[in-house]
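# Geometric and topological summary
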Amino acid sequence: MLFRSYLGDAFMAEVFRFYLIAPAPLLLCAILGLKQHWRNIASKEIRSDGLANFILLTVWLTGAIAEFALIGNYYPHYFLPLLVPLAIATAPLFSRPPVAVGLLIAFGLWTRTISGYPDIPAHREGREKMAELTAAVRPYVKDRCLYVFDGPPALYLTSGTCLATPYIFPDHLNGDMERDAIGVDTSREMTRLLDSRPGAIVTASAPVIPKLNEATLQLLRARLRRDYVRVAAINNPKRTLYVYALKTLAPNRRSDAPEPYQGL
């Protein structure tokens, strides 16, 4: 059996702080909603299939929590499958209009606070950076594939490129936690896709994951030195994304730029 490696204490501590704060109001309301549902069953305020619905929801929610707990490593978005059963579990609390209005306001303020939405300037900048990155990549992937070693996977869609590997999420091949846990040897897959000579490769100045896969990183660096030239650097608030193109596709470009993740 293949297992993902541990993300690290500092990263996991930050994630668990998120889980203690962000979902807390919804978890509390779900518990209160289930209690109210049970009271309604006991007082016969709901129809005869209320018990079956209660059991179904409880089993669904228990299964979602168990599935989440089995992951072993956690990113905040892994909590998403729990949101639907938790939201449904709160439904009995909305049976009384004054409470429903108060909860709607509270949930609205809560989601606005933890998400920061809508941060219009940040969203506008994100769209602009994505357009800039797409424009930088597109000339080199007309007849060849793109490989995003580190960067937004949405770039595959916006650039209309083919895929150099089935493992398109950067963590699959650039993260140490996925090393030999995706069903293939990660170093062998990295070698195979680099041998296919993607027209463009995207990397970054700093990683967003706790630990990079050192073996695949060294394979990438060696190939970039030999066959590629850096053609663009897209500055973002926290790091810079780099676009490398095959030297044969950018014969007039010269680059003495540092390697990705310099100093790591």
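In what follows, the accompanying structure is described. (Residues numbered from 1 in each chain as written. Predicted model: local features only at pLDDT ≥ 70, side-chain atom pairs only at ≥ 80, totals over all residues. Heavy atoms only, no water.)

To continue, consider the packing of helix α2 (residues 24-42) against helix α4 (residues 80-89). Helices that pack against each other are described as a pair by the angle of their axes relative to one another and the distance between those axes. The N-to-C vectors of α2 and α4 enclose an angle of 45°; their axes lie 7 Å apart at closest approach. The angle between α2 and α4 falls in the class oblique. Considering the relative orientation of α2 and α4, their crossing is left-handed. Here Leu26, Leu27, Ala30, Gly33 and Leu34 of α2 lie close against α4, whose contacting residues are Leu83, Leu86, Ala87 and Ala89. Taken together, the residues of the contact of α2 with α4 sort by class into eight nonpolar, one polar and no charged. (Axes fitted to C-alpha atoms, helices over the stretch in contact; angles between N-to-C directions. Helix = DSSP H or I, 4+ residues; strand = E, 2+ residues; numbered from the N terminus. Parallel < 35°, antiparallel > 145°, perpendicular 65-115°, else oblique. Left-handed = near helix turned anticlockwise from the far one by under 90°. Contact = heavy atoms within 4.5 Å. Nonpolar A, V, L, I, M, F, W, Y, C, P; charged D, E, K, R; others polar.)

What follows is about the packing of helix α9 (residues 186-195) against helix α10 (residues 214-227). Contact geometry for α9 and α10: axes closest at 9 Å, N-to-C directions at 20°. Comparing the axis directions of α9 and α10 gives the class roughly parallel. Regarding α9 and α10, the two cross each other, and that crossing is right-handed. Between α9, through Thr186, Ser187, Met190, Thr191, Leu194 and Asp195, and α10, the contact on the second element is made entirely by Ala215, Thr216, Leu219, Leu220 and Arg223. Grouping the constituent residues of the contact of α9 with α10 by class yields five nonpolar, four polar and two charged.

Attention shifts here to the sheet that holds strand β2 (residues 200-204). Spatial strand order, β1-β2-β4-β3: four strands in an open sheet with mixed pairing. The outermost strands of the open sheet, each flanked by one partner alone, are β1 (146-148) and β3 (228-235). Across the sheet, the axes of successive neighbouring strands diverge by a mean angle of 20°, strand direction being ignored. As paired strands, β3 and strand β4 (residues 240-246) are joined by seven bridges and run antiparallel to one another. Bridging from a neighbouring strand, arginine 230 pairs with tyrosine 244 of β4. (Pairing = 2+ DSSP bridges.)

Before going further, it helps to examine the layout of surface pockets. Taken as a whole, the largest pocket encloses approximately 420 Å³ of empty space. What lines the largest pocket is a set of 21 residues, and nearest its centre among them are Asp150, Asp171, Val208, Ile209 and Arg239. Tallying contributions element by element places helix α8 (residues 170-174) first for the lining of the largest pocket, with three residues. Looking at the lining of the largest pocket residue by residue, the classes come out as 12 nonpolar, three polar and six charged. (1 Å grid on protein atoms, 1.4 Å probe; cavity = no way out; pocket = protein on both sides within 12 Å on 5 of 7 lines; lining within 4 Å. Points joined across faces, edges and corners; volume = space filled by probe spheres on them.)

The next point concerns the state of the cysteines. The final tally for this structure, using the stated rule, is one disulfide. In this model, cysteine 145 is linked to cysteine 162 through a disulfide, with the two sulfur atoms separated by 1.9 Å. Where cysteine 145 bonds to cysteine 162 through sulfur, the torsion about that S-S bond is close to -115°, and the disulfide is left-handed. Highlighted residues: cysteine 145 in the loop between α6 (120-137) and β1 and cysteine 162 in the loop between α7 (155-159) and α8, separated in sequence by 17 residues. Under the relative-accessibility criterion, cysteine 145 is labelled buried at 18%. Under the relative-accessibility criterion, cysteine 162 is labelled partly exposed at 37%. (Disulfide = S-S within 2.5 Å. Buried < 20%, exposed > 50% of the residue type's maximum accessible area, 1.4 Å probe, protein only.)

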